[in-house]
Amino acid sequence: EFLGRCRYERQGDENTGQRNGYETGTLKTAEGVLKVKLPQVRDSEQPYHSKIWQNLGSRSEVLEEMVKEMWVRGLSVRDVEAAMITATGAFVLSDTAVSEVTQKLYEQYEAFRERKLDGFDIAYLFIDAVYEPLRRHGCKTAVICAWGICTDWRKILLNLVSGNTESYETCLDFLRDMVKRGLATPLTVTTDGAPGLTKAVEAMWPKAWRIRCWFHKMQNLQNKVPPNAWADFKALVIDVRDAPTHKEGMARIKQLIALKKSEFPEACRCLEDDLEASLNHLHVPFRHRPIVRTTNLVERTFVEERRRTKTILHLWDEQSAIKLVFAVLIRVSERWSQR
């Protein structure tokens with residue numbers, strides 16, 4: 001087609017050039033390295049480049065997907081390089097090439113940050129952060145994560161962003177970004193006790209019920225009660241947490257504080273802290289309360305993420321951290337949304 005003539009047809013216009021044998025091309029695939037003959041043309045006004053070869057590139061899509069999955073599931077870039085040599089018996093990709101392939105995960109993250117959220121009918125929202133050490137800067141960065149449960153019970157990863165801390169400004173910008181992309185006001189928002197985050201949630205969604213995570217609250221209470229008295233005190237706290245109604249919960253917690261304030265003043269002060277948010281889970285249907293009263297939905301995904309990052313004790317920079325956390329969490333989200 002490039003020469004402008006049919007097979008075995010003699011040369012017509014001398015400016016179109018003529019065939020001149022082959023050169024060797026290398027295609028790296030999941031099955032190993034393939035040597036391909038690429039036709040050459042000489043004496044043409046324009047250089048000839050095979051469109052098929054240009055579309056293939058030097059690496060197959062299957063190979064790139066396999067490399068990304070190996071990296072996301074726990075192999076370092078050097079481990080991926082060694083694994084490919086072991087599997088195919090030939091040198092396929094260098095650690096630098098593996099890094100180039102995994103960089104496409106950051107491109108996917110940038111597209112994820114731009115997607116519209118108005119198609120998700122979110123009932124319950126969960127927000128928490130994980131901190132990752134950065135080797136380049138010698139500090140840790142917070143990766144703030146938002147998950148939602150839709151009215152059809154799908155679990156969706158909504159947003160992910162890095163910041164130095166969970167400050168009010170950082171968290172408010174994080175929430176505004178989701179609202180700008182179409183997220184409607186959720187029924188509940190479950191968080192831990194981070195002051196900046198709780199203040200931002202109240203500023204953005206004053207009509208939503210903000211729920212203080214009971215898992216974190218129980219941990220704080222346990223640290224304020226002697227071990228030999230914890231079992232009895234915990235039973236009283238659980239009785240408050242599992243009250244049938246919000247009104248009854250308020251009555252029970254006041255009784256508990258009046259009963260134990262002199263014996264465990266710090267624990268009772270912890271119970272009084274953010275009291276309304278601690279009992280807001282009693283507004284939702286009974287079967288939903290065990291789910292919305294903690295940030296365990298987010299913490300479970302962080303377990304998956306930490307299983308991966310423990311093989312890299314210190315990520316190089318912010319982009320490396322967000323790329324890895326996103327790659328792990330988006331796969332969890334896709335798996336959960338298919339259930």
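The structure under discussion appears in the preceding block.
Residues numbered from 1 in each chain as written. Predicted model: local features only at pLDDT ≥ 70, side-chain atom pairs only at ≥ 80, totals over all residues. Heavy atoms only, no water.

### Describing the nonpolar core
Then, in step 1: With 58 residues, the main nonpolar core has Ile127, Leu158, Leu160 and Trp205 as its most contacted residues.
Then, in step 2: Per-element accounting of this core gives the leading share, 10 residues, to helix H14 (residues 318–337).
Then, in step 3: Residues in contact with Leu160, not counting those within four places in the same chain, are Tyr109, Phe112, Arg113, Val143, Ile144, Cys145, Phe174, Ile322, Val325, Phe326 and Leu329.
Then, in step 4: In this structure, Trp214, Ala229, Phe233 and Leu282 belong to the second largest nonpolar core, which totals 22 residues. (Core = buried A, V, L, I, M, F, W, Y, C linked by side-chain atoms within 4.5 Å. Buried < 20%, exposed > 50% of the residue type's maximum accessible area, 1.4 Å probe, protein only. Helix = DSSP H or I, 4+ residues; strand = E, 2+ residues; numbered from the N terminus. Contact = heavy atoms within 4.5 Å.)

### Some points on helix H8 (residues 227–241)
Then, in step 1: With 15 residues, H8 should reach 21 Å at 1.5 Å per residue; the first-to-last C-alpha distance of 21 Å fits that figure.
Then, in step 2: The principal kink in H8, of about 25 degrees, is found at Phe233.
Then, in step 3: Residues of H8 that are buried make contact with helix H7 (214–222), helix H9 (246–260), helix H10 (265–272) and helix H11 (275–279). (Expected span 1.5 Å × (residues − 1). Bend = angle between axes of the 7 residues up to and from the residue.)

### A look at the layout of surface pockets
Any space left empty among the atoms is revealed by the rolling of a water-sized probe across them.
Then, in step 1: Looking at the largest pocket, its volume works out to about 690 Å³.
Then, in step 2: As for the largest pocket, its lining consists of 17 residues, of which Glu1, Phe2, Leu3, Arg19 and Tyr48 are closest to the centre. (1 Å grid on protein atoms, 1.4 Å probe; cavity = no way out; pocket = protein on both sides within 12 Å on 5 of 7 lines; lining within 4 Å. Points joined across faces, edges and corners; volume = space filled by probe spheres on them.)

### A word on H14
Then, in step 1: Counted at 1.5 Å a residue, the expected span for H14 with its 20 residues is 28 Å, and the 28 Å between its end C-alpha atoms agrees.
Then, in step 2: With 15 of 20 residues buried, H14 is to be regarded as a mostly interior element.

### Comments concerning the packing of aromatic side chains
Then, in step 1: Throughout the structure, instances matching the rule amount to six aromatic pairs.
Then, in step 2: Relative to Phe326, the ring of Phe112 lies with its centre 5.2 Å away and its plane at 50 degrees, an arrangement referred to as tilted. One end of the pair, Phe112, is in helix H4 (residues 95–114); the other, Phe326, is in helix H14, with 214 residues separating them in the sequence.
Then, in step 3: Residue class for Phe326 comes out buried when judged on its relative accessible area of 3%. (Phe/Tyr/Trp six-rings, centres within 6.5 Å; stacked < 30°, edge-to-face > 60°.)

### Considerations on the side chain of Arg289
Then, in step 1: Among the structural elements, Arg289 can be located in helix H12 (residues 289–292).
Then, in step 2: One buried charged side chain, Arg289, makes no salt bridge at all; its nearest oppositely charged neighbour is Asp242, positioned 7.4 Å away.
Then, in step 3: Sequence-distant contacts of Arg289, that is, excluding residues within four places in its chain, are made with Ala243, Pro244, His281, Leu282 and Val284. (Lys, Arg positive; Asp, Glu negative; His and termini not counted. Salt bridge = Lys/Arg side-chain N within 4 Å of Asp/Glu carboxyl O.)

### Digging into the pairing of strand E7 (residues 209–212)
Then, in step 1: As paired elements, strand E6 (residues 188–191) and E7 share four bridges and run parallel to each other. Looking at the pairing, Thr191 lines up with Arg212 of E7. (Pairing = 2+ DSSP bridges.)

### What about the packing of helix H5 (residues 168–180) against helix H6 (residues 195–204)?
Then, in step 1: Running from N to C, H5 and H6 point in directions that differ by 40 degrees, and their axes come no closer than 8 Å. By the criterion of interaxial angle, the relationship of H5 to H6 is oblique. With respect to the hand of their crossing, H5 and H6 are arranged in right-handed fashion. For the pair H5 and H6, the contacting residues are Tyr168, Cys171, Leu172, Leu175, Arg176 and Val179 in the first and Gly196, Leu197, Lys199, Ala200, Val201, Ala203 and Met204 in the second.
Then, in step 2: Looking at the contact of H5 with H6 residue by residue, the classes come out as 10 nonpolar, one polar and two charged. (Axes fitted to C-alpha atoms, helices over the stretch in contact; angles between N-to-C directions. Parallel < 35°, antiparallel > 145°, perpendicular 65-115°, else oblique. Left-handed = near helix turned anticlockwise from the far one by under 90°. Nonpolar A, V, L, I, M, F, W, Y, C, P; charged D, E, K, R; others polar.)

### Quick look at unusual backbone geometry
Then, in step 1: Here the phi dihedral of Trp153 falls at roughly 75 degrees; this positive angle occurs in a residue that is not glycine.
Then, in step 2: Note on placement: Trp153 falls in the loop between strand E4 (139–150) and strand E5 (155–163).
Then, in step 3: Taking the relative accessible area as the measure of exposure, Trp153 reaches 35% and is therefore partly exposed.
Then, in step 4: Phi is positive for Asp274, which is not a glycine, with a value near 55 degrees.
Then, in step 5: For Asp274, a relative accessible area of 21% puts it in the partly exposed group.

### A look at the packing of H9 against H10
Then, in step 1: Packing of H9 against H10 leaves a shortest axis separation of 9 Å and a crossing angle of 160 degrees. Compared by their axis directions, H9 and H10 come out roughly antiparallel. Helix-helix and strand crossings are classified by hand; for H9 and H10 the assignment is left-handed. Together, Ile253, Leu256, Ile257 and Lys260 of H9 and Pro265, Cys268, Leu271 and Glu272 of H10 make up the contact between the two elements.
Then, in step 2: For the contact of H9 with H10, the residue count by class is six nonpolar, no polar and two charged.

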